[in-house]
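Analysis of the macromolecular model
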Amino acid sequence: MNTKQMEYILELAQVLNFNRAAENLFISQPTLTYQIKLVEKEIGFDIFERSGKGAALTPAGAQFVGTLRSIYNQLFAAIEQGQNFSAKYKESISITLPIRSAIYFLPQVIAQFSRSFPEVSIVANFDWKDGQNAFLKGEHDVTFAMEYTLKRVPDIICHHLFDSKIYLITEKNDPLTKKPLVLPSDLKGRTLMVGGGSPPMLRALQQRMIQEIHVDYFNSPDHDTTLTNVAAHRGVCLAPGFLNDHNGEFAWLNFDSNVIIPCGIYTHKNDQRESLRAFIKLLQQFYLDQPNFKV
């Protein structure tokens, strides 16, 4: 199966009509039908059921198309990155982060790094769910992580970046914004958003607030949903500072808690490139130079 056939299958799976798919692909309907049959013969099962009304995915076809779409997207992302690399760079450093705010100074670091290493491309990837696993498989050179998550993993090196504190997220007009330090007792009578993939130390803090301060709570599946709920006047949230995108939409208030979450960047032990060491050192230096930056 070649990339053209992949494109044909994905287009037909989208519109479920041979004539319309052929028009969208700028080929004839018989050509499309022939190419689809070739692939079905190669893989050993029907992807589509044909009828007078058009086409429908078979159960096996639906599963196949889902996997094929992922492969197709990865393939073209790889081609695009390769084109960028071959046009200008001799080397690349791939870094994966769960969210852009995790390393807030990354754009400035890349800009400064590029002046010293113009032949090295820094490629940032954002993947909340599978970024760390991709790094551990060797698909990326660097990953950001809360240090407890990779504490006992062999053959990687932790480069400590900062200790992330816990802040209270509220709307900008919340009365608590007038306080320089919010106390746990200030949450009495409030609704606290909890869950959402919170790290264990934050979950423990949330549970302590629920049990000791008797706050109401509302389960929220992820950080974006939590922020949406805060904006909708449904409650407040405790969150680590590295999630703060500093766009001013919400108030991130100092909270009286001794909970900190050490965060670092990780590299593979066998990757000793001079450019990689310089990149790591520059990342660390940016945070050392900004001791009052909220993380």
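So, how was this worked out
- Residues numbered from 1 in each chain as written.
- Predicted model: local features only at pLDDT ≥ 70, side-chain atom pairs only at ≥ 80, totals over all residues.
- Heavy atoms only, no water.
- Helix = DSSP H or I, 4+ residues; strand = E, 2+ residues; numbered from the N terminus.
- Rg over C-alpha atoms; globule rule 2.2 N^0.38 Å.
- Buried < 20%, exposed > 50% of the residue type's maximum accessible area, 1.4 Å probe, protein only.
- Contact = heavy atoms within 4.5 Å.
- Areas by Shrake-Rupley, 256 points an atom, 1.4 Å probe, with all protein chains shown as cover.
- Lys, Arg positive; Asp, Glu negative; His and termini not counted.
- Charge placed at Lys NZ, Arg CZ, Asp CG, Glu CD.
- Phe/Tyr/Trp six-rings, centres within 6.5 Å; stacked < 30°, edge-to-face > 60°.
- Core = buried A, V, L, I, M, F, W, Y, C linked by side-chain atoms within 4.5 Å.
- Expected span 1.5 Å × (residues − 1).
- Arc of directions from axis to C-beta.
- Polar contact = N/O pair within 3.5 Å; in protein donor to acceptor, adjacent residues only side chain to side chain.
- Axes fitted to C-alpha atoms, helices over the stretch in contact; angles between N-to-C directions.
- Parallel < 35°, antiparallel > 145°, perpendicular 65-115°, else oblique.
- Nonpolar A, V, L, I, M, F, W, Y, C, P; charged D, E, K, R; others polar.

This paragraph deals with the overall build of the chain. Within the chain one finds nine helices and 11 strands. Rg of the C-alpha trace for the chain: 25 Å, well past the compact-globule value of 19 Å for 295 residues, more than 25% over. In terms of overall dimensions, the chain has a C-alpha envelope of 70 × 50 × 35 Å along the principal axes. Buried residues in the chain amount to 43% of all 295 residues. When contacts within the chain are restricted to residue pairs at least 6 apart in sequence, long-range pairs at least 24 apart make up 73% of them. Summing over all exposed atoms, the chain offers an accessible surface of approximately 16,400 Å²; the carbon and sulfur share of this is 50%. One way to put it: in the chain the 29 positive side-chain charges average out to a point 2 Å from where the 30 negative ones average out.

Another point: the pairing of strand β5 (residues 142–146). With five of five residues buried, β5 lies mostly within the body of the structure. Covered by surrounding structure in β5 are V142, F144 and M146 together with T143 and A145, the residues of both alternating faces.

A positive phi angle, near 55 degrees, is found at L16, a position not held by glycine. Structurally, the position occupied by L16 is in the loop between α1 (3–15) and α2 (18–25). Despite not being glycine, D155 has its phi angle at roughly 65 degrees, a positive value. Within the secondary structure, D155 sits in the loop between β5 and β6 (156–170). The exposure class assigned to D155 is exposed, which follows from its relative accessible area of 52%.

Applying the stated criterion to the full structure yields 13 aromatic pairs. Look at F105 and F286: their rings are 6.0 Å apart centre to centre, the planes differ by 40 degrees, and that puts the pair in the tilted class. In this pair, F105 sits in the loop between β3 (91–97) and α5 (106–116) while F286 sits in helix α9 (residues 274–288), placing the two residues 181 residues apart along the sequence. The two residues F105 and F286 agree in class, both being buried. On the basis of an interplanar angle of 65 degrees and a centroid distance of 6.3 Å, the ring pair of Y167 and W252 is categorised as edge-to-face. One end of the pair, Y167, is in strand β6; the other, W252, is in strand β10 (residues 251–254), with 85 residues separating them in the sequence.

Membership of the largest hydrophobic core comes to 59 residues, with the highest contact counts inside it found for I103, L168, M209, L238 and F279. The residues contacting L238, other than those within four sequence positions of it, are I166, Y167, L168, L192, L202, L205, Q206, M209 and F255. By size, the runner-up hydrophobic cluster in this structure holds 21 residues, among which are I9, L12, A13 and A22.

Looking now at helix α3 (residues 29–43). For α3, with 15 residues, the first-to-last C-alpha span of 21 Å sits near the 21 Å given by 1.5 Å per residue. Every buried residue of α3 is listed here: L32, T33, Q35, I36, V39 and E40. Buried residues of α3, viewed axially, fall in a sector of 165 degrees; they line one side. Exposed residues lying more than 90 degrees from the buried face of α3 are P30, Y34, K41 and E42. Summarising the contacts, the buried residues of α3 are in contact with α1, α2 and β1 (48–51). Looking one or two places after α3, you find G44, whose phi comes out positive at around 90 degrees.

This brings us to the side chain of T143. Here T143 shows up in strand β5. Since its relative accessible area comes to 1%, T143 is described here as buried. There is a polar contact of 3.4 Å between the side chain of T143 and the backbone oxygen of T96.

At a minimum axis separation of 8 Å, α2 and α3 run at an interaxial angle of 100 degrees. The pairing of α2 with α3 is recorded here as roughly perpendicular in orientation. Here F18, N19, A21, A22 and L25 of α2 come into contact with α3, specifically with Q29, L32, T33 and I36. Considered class by class, the residues forming the contact of α2 with α3 number six nonpolar, three polar and no charged.

Honestly, it's all geometry; don't read function into it.
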